[in-house]
Amino acid sequence: MAVKKPTVEAISRRMGCCGPSTVSAMPNGRRFPTWEHTAAFAHALDVAPSRLRNQWVEASRQIEEASKGFLSSRAQLPLISGPQVMGEAMLAAHWYRNNREFYEAACARIQQARSEIRVTYTRRYPPTQYTTRASADYFRAVLEWAREDSDDERSVRRIIGVPERDGPPDSDMLAWARQHHEDSKHILTHEANVLRWTAAADGLNMALIDDSVVFLAFSGGPRQKLNGLSIENPTFMTCFAAYFDQLWAALQPLETYLGEAEAPADNP
């Protein structure tokens, strides 16, 4: 007979020091527990706390180093091991400290893509205004991958967030979007839609590569400021892919958007 896994509520009762939500977050990487909670968690599962002590100490050290900016860009934060609770699995993330590290990693994965790339770009400034060599290589790699002669069925879909201030689009971003359209309009495997962006802040940007890896970029403040993470997990990918597809279906094709944006100038 299969052994029944304990529920979160049962573990919480056995621990006697924290609620079910805290217990659920512990083995799934959403919250790093104190040693007291870790030891109680082990006791609740009839595991000797000493078996987890070294893992906990090493994880604590790496998290402290990460908070001070010492963690390697490809380092994987260790998680306290435990049984999977209620079918949830732990996620492992690769963290990138700056613009260069993020775009170098994303570019490398773009070049390895097999069939589908979905990307968003929602920032207050076009990439040409703060381009590092790594970010320039990344944007070029996406178009080159779409252009590449291949027997595989390929698809690139890009969502471009164009900032709008009280109606009219930002002139610099509009100019970049127009150039991007010129660069990509003859690539049959490349499509772009426009998100009208009214917030005075950058959005959360992502690159979804095939069905395997999600890159998330966090930016704001100085134009060159950007860091992020990547996660390889099919379930995690499914969530972001569904979000992307929902956005995509509601947005306007770039060519149509540009035609409307330029229409007033043609009708004095």
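Residues numbered from 1 in each chain as written. Predicted model: local features only at pLDDT ≥ 70, side-chain atom pairs only at ≥ 80, totals over all residues. Heavy atoms only, no water.

1. Description of the pairing of strand S2 (residues 116–122)
Line of reasoning, step 1. Most of S2 sits out of view: six of its seven residues are buried.
Line of reasoning, step 2. As paired elements, S2 and strand S3 (residues 155–163) share seven bridges and run parallel to each other. Within the sheet, the bridge partner assigned to Val 119 lies in S3 and is Arg 158.
Line of reasoning, step 3. Note that S2 and strand S5 (residues 205–209) share three bridges and pair antiparallel. Bridge pairing in S5 places Arg 118 opposite Leu 208. (Buried < 20%, exposed > 50% of the residue type's maximum accessible area, 1.4 Å probe, protein only. Helix = DSSP H or I, 4+ residues; strand = E, 2+ residues; numbered from the N terminus. Pairing = 2+ DSSP bridges.)

2. A short note on the nonpolar core
Within soluble globular proteins, side chains that are nonpolar generally end up buried alongside one another.
Line of reasoning, step 1. Counting 39 residues, the largest nonpolar core has Phe 102, Tyr 103, Ile 110, Ile 117, Tyr 138, Phe 215 and Leu 254 as its most contacted members.
Line of reasoning, step 2. At eight residues, the largest contribution of residues to this core is made by helix H6 (residues 133–147).
Line of reasoning, step 3. Once you skip the residues sitting within four places of it in the chain, Ile 117 turns out to touch Ile 110, Trp 145, Ser 155, Val 156, Arg 157 and Leu 208.
Line of reasoning, step 4. Among the nonpolar cores identified, the runner-up in size contains 16 residues, and Ala 93, Leu 208, Val 214 and Met 237 belong to it. (Core = buried A, V, L, I, M, F, W, Y, C linked by side-chain atoms within 4.5 Å. Contact = heavy atoms within 4.5 Å.)

3. Focus on helix H7 (residues 171–184)
One turn of an α-helix holds 3.6 residues; hence residues three or four places apart share an orientation.
Line of reasoning, step 1. With 14 residues, H7 extends 20 Å from end C-alpha to end C-alpha; this agrees with the ideal 20 Å at 1.5 Å per step.
Line of reasoning, step 2. By the burial criterion, the buried members of H7 are Met 173, Leu 174, Trp 176, Ala 177, His 180, His 181 and Ser 184. Looking down the long axis of H7, one finds its buried residues gathered within 160 degrees of arc, a one-sided arrangement. (Expected span 1.5 Å × (residues − 1). Arc of directions from axis to C-beta.)

4. Observations concerning a negative patch on the surface
Line of reasoning, step 1. Taken together, the side chains of Asp 149, Asp 151, Asp 152 and Glu 153 present a region of like negative charge at the surface.
Line of reasoning, step 2. You can see Glu 153 is positioned in the loop between H6 and S3.
Line of reasoning, step 3. Using a relative accessible area of 72% as the deciding quantity, one classes Glu 153 as exposed. (Patch = residues over 30% accessible without salt bridge, like charges linked within 9 Å, V, L, I, M, F, W, Y side chains within 5 Å. Areas by Shrake-Rupley, 256 points an atom, 1.4 Å probe, with all protein chains shown as cover. Salt bridge = Lys/Arg side-chain N within 4 Å of Asp/Glu carboxyl O. Lys, Arg positive; Asp, Glu negative; His and termini not counted. Charge placed at Lys NZ, Arg CZ, Asp CG, Glu CD.)

5. Quick look at the sheet that holds strand S8 (residues 252–253)
Line of reasoning, step 1. With mixed pairing, eight strands are arranged side by side in an open sheet as S1-S7-S6-S5-S2-S3-S4-S8. Looking at the sheet topology across the chains shown, the edges are occupied by strand S1 (93–96) and S8.
Line of reasoning, step 2. Across seven bridges, strand S6 (residues 213–219) lies against strand S7 (residues 226–232) in antiparallel orientation. Considered in S7, the bridge of Ala 217 is made with Gly 228.
Line of reasoning, step 3. The strands that H6 touches are S2, S3, strand S4 (190–197) and S5; relative to S3, the one it contacts most, it runs at about 140 degrees.
Line of reasoning, step 4. Running over the sheet, helix H8 (residues 234–250) touches S2, S3, S4, S5, S6, S7 and S8 and is turned about 110 degrees from S5. (Axes fitted to C-alpha atoms, helices over the stretch in contact; angles between N-to-C directions.)

6. Focus: the packing of helix H5 (residues 99–111) against H6
The geometry of a pair of packed helices is captured by two quantities: the angle between their axes and the separation between those axes.
Line of reasoning, step 1. Contact geometry of H5 with H6 gives a least axis separation of 8 Å together with a crossing angle of 15 degrees. Relative to H6, the element H5 is oriented roughly parallel. Seen from above, H5 lies across H6 with left-handed handedness. Where H5 abuts H6, its residues Asn 99, Arg 100, Tyr 103, Glu 104, Ala 106, Cys 107, Ile 110 and Gln 111 lie against Ala 134, Ser 135, Asp 137, Tyr 138, Phe 139, Ala 141, Val 142 and Trp 145. (Parallel < 35°, antiparallel > 145°, perpendicular 65-115°, else oblique. Left-handed = near helix turned anticlockwise from the far one by under 90°.)

7. Observations concerning the environment of Ala 42
Line of reasoning, step 1. In this structure, Ala 42 sits in helix H3 (residues 35–44).
Line of reasoning, step 2. Judged by its relative accessible area of 1%, Ala 42 falls in the buried class.
Line of reasoning, step 3. For the pair Ala 42 and Leu 52, spaced ten residues apart in sequence, the C-alpha separation works out to 8.0 Å.
Line of reasoning, step 4. Aside from chain neighbours lying at most four places away, what touches Ala 42 is Val 47, Ala 48, Pro 49 and Leu 52.

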